[in-house]
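Structural overview for review
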Amino acid sequence: MQQQQSSREGADQLEIGNDNNSSNNNFKNKKEIETSFNILTYNMWLINMLIGQEPLYKLDRINGFLNHLKNNSFDFIFLQEVHRFGNLNGIINLFNNFNYNQFINGIKNEIKNYEIIESDKPFLMCQDSGLLILSKYPVLKRENYVFKSTTWRSYVTAKGILYALVDCGSFYYNENNCCDNVMNDGDKDNNKRNDKRRIVNNKMDNNNNLIHLFTLHMEAFDNDVRSKQINELVQFIKKCIQPYLNNNNKQIDNNFPSIIIAGDFNIDSIKSKQYLELINLLNENICEFKDVFGTNCKQHPITFGGEATCLDHILVNNNFELTKRNNMKDDYFYEEMIVNWKCTVDDKFEFPISDHFGVKTKLKLK
């Protein structure tokens, strides 16, 4: 079996021209940078099971998720376990990618207003990383990193990280065609894309506009492997933000990069000491990060009901403003909400969208 690549040869980049040069541009410049963002992360439980029972009611849950999105407004959505499988077409077709295609087409045709950042295409007889980022703001770079430290379970699901650099100084305004942009490992021809942006020497001409987005899915069963993946995460983030730092590790225009890390960490913040290992390594090697659930881990909510654990998190650095939770005096929280969406199966009964709960929050740049 061909070895999974730990990273592509470099992040896909889009050279950008002046917005005024295109009359069909999908983005509209704003006089002021947007500072508040609604965020959602959700493990969608759409994995293809090589061993064991296949997740139930996939198509019903996809349709239910899309219906919920129609009634909610998010600027950035981080998704895990939305997998494609690398079939050997015409010879071995273990899994039909119909559900994945239905999901992507549903976002494009029903929800709209999102740029879709996909994981790299899967290798033969393996799944892709199952990671997606949906952004209402233009995406300037993307990269899919697959963990080098892995188990056989993580190998066939290409567990890793999906990165996107977004420009929050622009936003979608054309509802008819703004979702034509699906960004994946094949998007190297800039002529295929409608939007125009500007990059100068691999650095943006206005770094205050930028937010670095990371979604991830870590090893579920092996703590030692997961510890190594934490170190890989730290190094990957450092690599991605390095072009936006000067020699003193400060952002080009004197503000440290704005960073959001969201996903299924498979680390229980309520009980596991590994969660503190994660936070400490991020703080020591990059900058200070905080969980939207706050620093009192014993009060973190359950996000995976099967084991009563808190595995799903949104971590942000200090560029984002903290707000105080009403029922606590000493701990600071962002506005957060556990999402427990359901769908209707065969018009007969309700079923959860996923075996995980989602995490929803509102962030504000300082």
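Residues numbered from 1 in each chain as written. Predicted model: local features only at pLDDT ≥ 70, side-chain atom pairs only at ≥ 80, totals over all residues. Heavy atoms only, no water.

1. Section: the overall build of the protein
If you tally the helices and strands in the protein, you get five helices and 20 strands. Relative to its 366 residues, the protein shows a buried fraction of 55%. The contacts of the protein with a sequence gap of at least 6 include a subset with a gap of at least 24, amounting to 78%. Just so you have it, the protein exposes about 16800 Å², and 43% of that area is on carbon and sulfur atoms. (Helix = DSSP H or I, 4+ residues; strand = E, 2+ residues; numbered from the N terminus. Buried < 20%, exposed > 50% of the residue type's maximum accessible area, 1.4 Å probe, protein only. Contact = heavy atoms within 4.5 Å. Areas by Shrake-Rupley, 256 points an atom, 1.4 Å probe, with all protein chains shown as cover.)

2. Observations concerning the pairing of strand β5 (residues 115-118)
Covered by surrounding structure in β5 are E115 and I117 together with I116 and E118, the residues of both alternating faces. Two elements, β5 and strand β6 (residues 132-135), share four bridges in a ladder whose sense is antiparallel. Opposite E115, over in β6, you have S135 as the bridge partner. (Pairing = 2+ DSSP bridges.)

3. Some thoughts on the pattern of salt bridges
The full count for this structure, using the stated rule, is six salt bridges. With a shortest N-O distance of 3.1 Å, E110 and K70 are connected by a salt bridge. With E110 in helix α2 (residues 98-111) and K70 in helix α1 (residues 58-70), the pair connects residues that are 40 residues apart, well separated along the chain. Residue class for E110 comes out partly exposed when judged on its relative accessible area of 41%. A relative accessible area of 45% places K70 in the partly exposed class. (Salt bridge = Lys/Arg side-chain N within 4 Å of Asp/Glu carboxyl O.)

4. Structural notes on the nonpolar core
Judged by nonpolar contacts, the single largest core of 33 residues is most densely connected at F214, I237, I261, L278, L282, I286 and L315. In terms of residue count, helix α4 (residues 223-241) provides more of this core than any other element does, seven residues in total. Excluding residues that lie within four positions of it along the chain, I286 makes contacts with V234, I237, K238, I241, F256, I259 and L281. In this structure, I62, F74, L79 and I107 belong to the second largest nonpolar core, which totals 28 residues. (Core = buried A, V, L, I, M, F, W, Y, C linked by side-chain atoms within 4.5 Å.)

5. Observations regarding a nonpolar patch on the surface
Taken together, the side chains of L56, Y57 and F349 present a nonpolar region at the surface, about 230 Å² in accessible area. With a relative accessible area of 33%, L56 lands in the partly exposed category. (Patch = residues over 30% accessible without salt bridge, like charges linked within 9 Å, V, L, I, M, F, W, Y side chains within 5 Å.)

6. A few points about the side chain of S269
Its location among the elements puts S269 in the loop between β12 (258-264) and α5 (274-285). The class of S269 is buried, set by a relative accessible area of 2%. With residues near it in sequence (within four places) discarded, S269 still touches Y275, C297, H300, C310 and H313.

7. A word on the packing of α1 against α2
Packed helices, taken two at a time, are described by the angle their axes make and the gap between the axes. Put simply, α1 and α2 touch, their axes get as near as 10 Å, and they point 15° apart. The angle between α1 and α2 falls in the class roughly parallel. The element α1 and its partner α2 pack so that their crossing is right-handed. In this structure, α1 uses K58, L59, I62, F65, L66, L69 and K70 to contact α2, whose residues at the interface are F98, N99, Q102, F103, G106, I107, E110 and I111. Grouping the amino acids of the contact of α1 with α2 by side-chain chemistry returns nine nonpolar, three polar and three charged. (Axes fitted to C-alpha atoms, helices over the stretch in contact; angles between N-to-C directions. Parallel < 35°, antiparallel > 145°, perpendicular 65-115°, else oblique. Left-handed = near helix turned anticlockwise from the far one by under 90°. Nonpolar A, V, L, I, M, F, W, Y, C, P; charged D, E, K, R; others polar.)

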